[in-house]
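# Breakdown of the fold
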Amino acid sequence: VKPMPDPNFELLKSHYCELTGPYTFKPITIGGNFYGKNSFANTYLPIILWEDTLMYKVTVNGCTDSSIQYTNVYPGPRLDLARDTILCKHEALELGVKSWQSKIIWSTGNEGPNLKVLNPGIYSVTVSNICGSISDTIEVGFRPINCRFFLPTAFTPNQDGLNDRYKPILYDVGKMAYRIFSRWGEILYEGNESDNGWDGTYKGEMVPLGNYLIHSSYTYSSGSHLIHLDESGMFLLIR
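Right, let's walk through the structure included here. It should be emphasised that the depicted structure is a prediction, and the values quoted were computed from it without experimental measurement.

A few words on the sheet that holds strand E21 (residues 225–237). One open sheet accounts for five strands, arranged E14-E21-E20-E16-E17; its pairing is mixed. Strand pairing shows two members of the sheet lacking a second neighbour, strand E14 (154–155) and strand E17 (187–192), which therefore form its edges. Relative to E21, strand E20 (residues 210–222) runs antiparallel, the two being bridged by 13 bridges. Within E21, the position partnered with serine 222 by the bridge is histidine 225.

Now for the state of the cysteines. Put plainly, a disulfide is one covalent bond tying together the sulfur atoms of two cysteines. Applying the stated criterion across every chain yields a total of two disulfides. The partner cysteine of cysteine 17 in its disulfide is cysteine 131, sulfur to sulfur 2.1 Å. The sign of the S-S torsion, about -95°, decides the handedness of the disulfide formed by cysteine 17 and cysteine 131: left-handed. Of this pair, cysteine 17 sits in strand E1 (residues 16–17) while cysteine 131 sits in the loop between strand E11 (121–129) and strand E12 (132–143), and the two are 114 residues apart along the sequence. The disulfide partner of cysteine 88 is cysteine 147, and the S-S distance across this bridge is 1.7 Å. Since a negative S-S torsion denotes a left-handed disulfide, the cysteine 88-cysteine 147 link at about -70° is left-handed.

What follows concerns the side chain of serine 216. Position of serine 216 among the secondary structure elements: in strand E20. A polar contact is formed between the side chain of serine 216 and the backbone oxygen of alanine 177, at a distance of 3.2 Å. If we skip the residues at most four places from it in the chain, serine 216 touches Phe149, Met176, Ala177, Tyr178, Leu229, Asp230 and Glu231.

We now examine the side chain of serine 99. Take serine 99: it is sitting in the loop between strand E8 (93–96) and strand E9 (103–106). Engagement of the side chain of serine 99 in a polar contact is seen with the backbone nitrogen of arginine 78, the distance being 3.0 Å. Side chain to side chain, serine 99 and serine 102 meet in a polar contact 2.7 Å long.

So, on to the sheet that holds strand E2 (residues 33–35). Spatial ordering of the open sheet is given by E1-E6-E5-E2, a layout of four strands whose pairing is mixed. This sheet does not close on itself; its edge strands, each paired only once, are E1 and E2. Taken together, the three bridges between E2 and strand E5 (residues 50–60) define a ladder with antiparallel strand orientation. Paired with phenylalanine 34 across the two strands is tyrosine 56, which belongs to E5.

Among the nonpolar cores identified, the biggest contains 19 residues, and Tyr166, Ile180, Trp198, Tyr212, Ile214, Tyr218 and Phe235 are the most heavily contacted of them. Put simply, the parts of the chain that give this core at least two residues each are strand E16 (175–181), E20 and E21. Apart from residues no more than four positions distant in its own chain, tryptophan 198 is found in contact with Phe155, Asp164, Arg165, Tyr166, Tyr178, Ile180, Leu188, Tyr189, Val207, Tyr212, Phe235 and Leu237. Among the nonpolar cores identified, the runner-up in size contains 14 residues, and Leu81, Leu95, Tyr123 and Ile138 belong to it.

The next subject is the pattern of salt bridges. The full count for this structure, using the stated rule, is five salt bridges. Notably, a salt bridge pairs glutamate 18 with arginine 78, separated by 2.9 Å at the nearest N-O pair. One end of the pair, glutamate 18, is in the loop between E1 and E2; the other, arginine 78, is in the loop between strand E6 (63–74) and strand E7 (85–88), and 60 residues separate them in sequence. A salt bridge links glutamate 190 to arginine 179; the nearest nitrogen and oxygen atoms lie 3.1 Å apart. Taken together, the residues span a long stretch of sequence, with glutamate 190 in strand E17 and arginine 179 in strand E16 at a distance of 11 residues. The class for arginine 179 is partly exposed, based on a relative accessible area of 38%.

Applying the stated criterion across every chain, the model contains 21 aromatic pairs. With 6.2 Å between their ring centres and 65° between their planes, tyrosine 16 and phenylalanine 25 make a pair best called edge-to-face. Accessibility assignment for this pair places tyrosine 16 and phenylalanine 25 in one class, buried. On the numbers, 4.2 Å between centres and 5° between planes, the contact of phenylalanine 149 with tyrosine 218 is stacked. Here tyrosine 218 lies in strand E20 and phenylalanine 149 lies in strand E13 (residues 149–150), a separation of 69 residues in the sequence. Accessibility expressed as a relative area gives 4% for phenylalanine 149, which makes it buried. A network of ring pairs unites the aromatic residues Phe9, Tyr16, Tyr23, Phe25, Phe34, Tyr44 and Tyr56 as a single cluster.

Thresholds applied
- Residues numbered from 1 in each chain as written.
- Predicted model: local features only at pLDDT ≥ 70, side-chain atom pairs only at ≥ 80, totals over all residues.
- Heavy atoms only, no water.
- Pairing = 2+ DSSP bridges.
- Helix = DSSP H or I, 4+ residues; strand = E, 2+ residues; numbered from the N terminus.
- Disulfide = S-S within 2.5 Å.
- Polar contact = N/O pair within 3.5 Å; in protein donor to acceptor, adjacent residues only side chain to side chain.
- Contact = heavy atoms within 4.5 Å.
- Core = buried A, V, L, I, M, F, W, Y, C linked by side-chain atoms within 4.5 Å.
- Buried < 20%, exposed > 50% of the residue type's maximum accessible area, 1.4 Å probe, protein only.
- Salt bridge = Lys/Arg side-chain N within 4 Å of Asp/Glu carboxyl O.
- Phe/Tyr/Trp six-rings, centres within 6.5 Å; stacked < 30°, edge-to-face > 60°.

This is the structure in structure tokens:
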């Protein structure tokens, strides 16, 4: 009758932080092996998250015994504010942080995972949890123009293949509708974001040279908000 080996090993902590280590645990009886999803060649590398089981199995003189301990692997704080950027008129930037059980503090004094940026400046955030703390910074510039919508000041419907139609110039706009009026308020043309633009005719006839009025309504998304704007202007028809 031979004695069973003692399979117990050094007491694990209640948790380990992701991507730390490696850790080695001293068993009472040497010569065995550790087994577990984060166990590699008798070292412990906390890579796979959440609940974890570590077993030690040892055989001495043909007698085998094992012991099991339980722990957790937690993720460290995560943060990525992306690259510096520039806002245009009417735009807003939604900054967001997703990090497990973390305290989030912005340079503005705000706390919480989201920050709406309306003004130029340098914004930073610090994210902390049980596994540590990290920070990141983003610089936001500003251009006092509307980068999504532009009204050309003239067009030349002379069938030369260049600038023959008139239409607002759009960038990343969802919906847009516009009307073109004569100087006396008569509606000459109605269009939307998917049409080819006005060709300078009304009821099959070319309209005279001169100034015309356009009124447009359009919407686009900025962050989590939907922005609706109306714009009007004059443009010149030239041949």
